[in-house]
Amino acid sequence: MSAPNIETIVSLAKRRGFVFPASEIYGGLGSSWDYGSLGVELANNIKQSWWRWLVYERDDIEALDSSIIQNRLVWKYSGHETTFSDPLVDCRACKGRFRQDKLQDVECPNEPSVCAGSRKECDLTEAREFNLMFRTTVGAVAADDDETALAYLRPETAQGIFINFANVLNTSRRKLPFGIAQIGKSFRNEVTPGNFIFRTREFEQMEMEYFCRPEDAPQIHQEFIDGFQSWFHSIGISAENLKLYEQSKEELAHYAERTVDILYRFFPERSDENAQFDELMGIANRTDFDLKTHSKKPEDAEGKRLNSDSTEDLSYFDEAKKERFYPYVIEPAAGVNRTVLAVLMDAYTEKTNQKGETRVILKLKPALAPVKVAVLPLAKNKPEIVALASQIKKDLQHAMRAVYDDTGGIGKLYARQDEIGTPFCVTVDHESLEDQTVTVRDRDTWEQERVKITELKNYLQKRLS
Ligand code: GAP
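What you see is a predicted model, and the numbers here were worked out from it, not measured in a lab.

Rules used in this analysis
- Residues numbered from 1 in each chain as written.
- Predicted model: local features only at pLDDT ≥ 70, side-chain atom pairs only at ≥ 80, totals over all residues.
- Heavy atoms only, no water.
- Helix = DSSP H or I, 4+ residues; strand = E, 2+ residues; numbered from the N terminus.
- Expected span 1.5 Å × (residues − 1).
- Buried < 20%, exposed > 50% of the residue type's maximum accessible area, 1.4 Å probe, protein only.
- Salt bridge = Lys/Arg side-chain N within 4 Å of Asp/Glu carboxyl O.
- Phe/Tyr/Trp six-rings, centres within 6.5 Å; stacked < 30°, edge-to-face > 60°.
- Lys NZ or Arg CZ within 6 Å of the ring centre and 35° of its normal.
- Pairing = 2+ DSSP bridges.
- Axes fitted to C-alpha atoms, helices over the stretch in contact; angles between N-to-C directions.
- Contact = heavy atoms within 4.5 Å.
- Parallel < 35°, antiparallel > 145°, perpendicular 65-115°, else oblique.
- Nonpolar A, V, L, I, M, F, W, Y, C, P; charged D, E, K, R; others polar.

K.L.:
Teacher, can you tell me more about helix H9 (residues 336-347) here?
P.N.:
An α-helical turn contains 3.6 residues, so any two residues separated by three or four positions project in the same direction. A rise of 1.5 Å per residue sets the reference length of H9, with its twelve residues, at 16 Å; its end C-alpha atoms lie 16 Å apart and thus fit the reference within 8%. When you tally the buried positions in H9, you get twelve out of twelve residues, the bulk of the element. Of the positions making up H9, those classed as buried are Val 336, Asn 337, Arg 338, Thr 339, Val 340, Leu 341, Ala 342, Val 343, Leu 344, Met 345, Asp 346 and Ala 347.

Right under this line is the structure:
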């Protein structure tokens, strides 16, 4: 099974310390979230898995960590200043403000609804374009609206990669095809954020721009579409909750030749099967638009430079073919936060114990689990048992994320670890003092096995891998 809805995960996340509402003690801030201890570990494990699979296990990917705040011209020539906007409408009746293209997804903000709960009843204004980039000013400026100091928080990590193409190419001495990967925060002043960490104004992206010859782009694109589906399966997302969506010609961004989204079943409670799915990541063939638009050389029909500010030409010279051209770009772009949500929803399971009580088990893949092993003393009033359990935790902590917990009875401690997805619990009891063995309990089967303390680390490492 997986979670019946996002609310189930919101409640688990808050109860167990994965994610909290941001600025909560001041009434919150629309759709901002803070990650607690377990959320930090889970997100880090997802990012590490992505990085290992994409960067370490291939030979053709470089890394980058570019600035969040760049020269404003980056966003002029990328097109974001003029086109990165959503159509905004206001309702004269309920005073709500909505994205015109997402009206079917939102409820009337008034309680009780003045629009009969349906946007169809709304008295809407004409749509106007609302730019999603957060504005800021750089340096000590005289006025907040000083246009010469205007800058933006990046709305995607991708542009930082394009503008560093020549730096990476020259320093790495790469030949096509190769990619540049980056993980980092992005910011969008979304009109209608919501659904927990699904759509927020501050979020994290895992993006890679793969540069190749134009004629190779379609095949490479397809390979990444297939590859990322496999990666999502490898981190525990079941095939029945994933599907592909081919963007229609009308939906494609102006620079894209083909874009395929990987969708996850974020809304299983919806009756319409199609409406249950929404975007987890996009994989686009962006053609040569990005490198061309940031280059100084391309000219229009009258011989006028299309980019009069760039100091660099981001074309590529193919030595073997003695040919200069602008590489095509294949871009797999995923959201860290949406992946956290999908992983939590997919891992969510309920199981009934012998007393008929329902227990939550997060069946996370061991590699993603925030805690790999919890060491629990059976009797916390027995100093020898406590000391042995603490020592075992210390011995394990170099090899894996281990915690010690003695804050409840053993049943409660097991339940707590099941609920946060800890694959193994190690229990130290009276017998352990005599025969130097401990009980290892499996999260998914609740089966228990006696293991020698001297063999514990190897035993756990083997079962975790
Ligand atoms: N460079 C391409 C790009 O940014 P995108 O489809 O706009 O493409 C990529 O974003 C991914 O980033 C999305 O598939 C989603 O997972 C995540 N994402 C985008 N906007 C988001 C938001 N407001 N909140 C959370 N995640 C978001």
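After that view of the structure, there is still more to cover.
K.L.:
Even after reading the chapter, I still don't get the pattern of salt bridges, so can you show me in this structure?
P.N.:
A pair can form between side chains of opposite charge whenever their charged atoms are brought close. Inspection of the entire model under this criterion finds 34 salt bridges. A salt bridge links Glu 24 to Lys 14; the nearest nitrogen and oxygen atoms lie 2.7 Å apart. Of this pair, Glu 24 sits in the loop between strand S1 (19-21) and strand S2 (33-35) while Lys 14 is found in helix H1 (residues 6-16), placing the two residues ten residues apart along the sequence. Between Arg 199 and Glu 190 there is a salt bridge whose closest N-O contact spans 4.0 Å. It is possible to trace a salt-bridge network through shared partners that takes in Asp 86, Arg 99, Asp 101, Glu 190 and Arg 199.

K.L.:
I tried to follow the environment of Asp 216 on my own but got confused; where do I start?
P.N.:
With respect to the secondary-structure elements, Asp 216 resides in the loop between strand S10 (202-212) and helix H7 (217-234). Along the primary structure Asp 216 and Pro 177 are separated by 39 residues, whereas in three dimensions their C-alpha atoms are 9.0 Å apart.

K.L.:
Explanation requested: the packing of aromatic side chains in the structure shown.
P.N.:
Any aromatic ring pair is given by two values, namely how distant the centres are and how the planes are angled relative to each other. The final tally for this structure, using the stated rule, is 17 aromatic pairs. Measuring from centroid to centroid gives 4.9 Å for Trp 53 and Phe 228, while their planes differ by 80°, and the two rings are edge-to-face. Residue Trp 53 is located in helix H2 (residues 37-56), and its partner Phe 228 is located in helix H7; the two are separated by 175 residues in the primary sequence. A ring pair is formed by Tyr 316 and Phe 325, whose centres lie 5.9 Å apart and whose planes are at 70°; its orientation type is edge-to-face. For the pair Tyr 316 and Phe 325, one class covers both residues: buried. Through a chain of ring-to-ring contacts, the aromatic side chains of Trp 53, Tyr 210, Phe 224, Phe 228, Trp 231 and Phe 232 assemble into a single cluster. Between the NZ or CZ atom of Arg 441 and the centre of the ring of Tyr 414, over which it lies, the distance is 4.2 Å.

K.L.:
Mind showing me how you'd approach the sheet that holds strand S13 (residues 278-285) here?
P.N.:
As a general point, the strands of a sheet are linked pairwise by backbone hydrogen bonds and lie either parallel or antiparallel. Taken in spatial order, the seven strands make up an open sheet running S3-S9-S10-S16-S13-S12-S11, and their pairing is mixed. Two strands close off the open sheet at either side, each with one partner strand: strand S3 (61-63) and strand S11 (242-246). Going across the sheet, the axis of each strand differs from the next one's by a mean of 25°, ignoring polarity. Running at roughly 110° to S10, H9 makes contact with strand S9 (178-187), S10, strand S12 (258-264), S13 and strand S16 (328-335) of the sheet.

K.L.:
Explain the packing of H2 against H9 to me, please; I cannot follow it from the model alone.
P.N.:
Between two packed helices, what matters for the description is the angle formed by their axes and the separation of those axes. Where H2 meets H9, the axes come as close as 10 Å, and the angle between the chain directions of the two elements is 105°. The pairing of H2 with H9 is recorded here as roughly perpendicular in orientation. Here Leu 42, Ala 43, Ile 46 and Lys 47 of H2 lie close against H9, whose contacting residues are Val 336, Thr 339, Val 340, Val 343 and Leu 344. Among the residues forming the contact of H2 with H9, the class breakdown is seven nonpolar, one polar and one charged.

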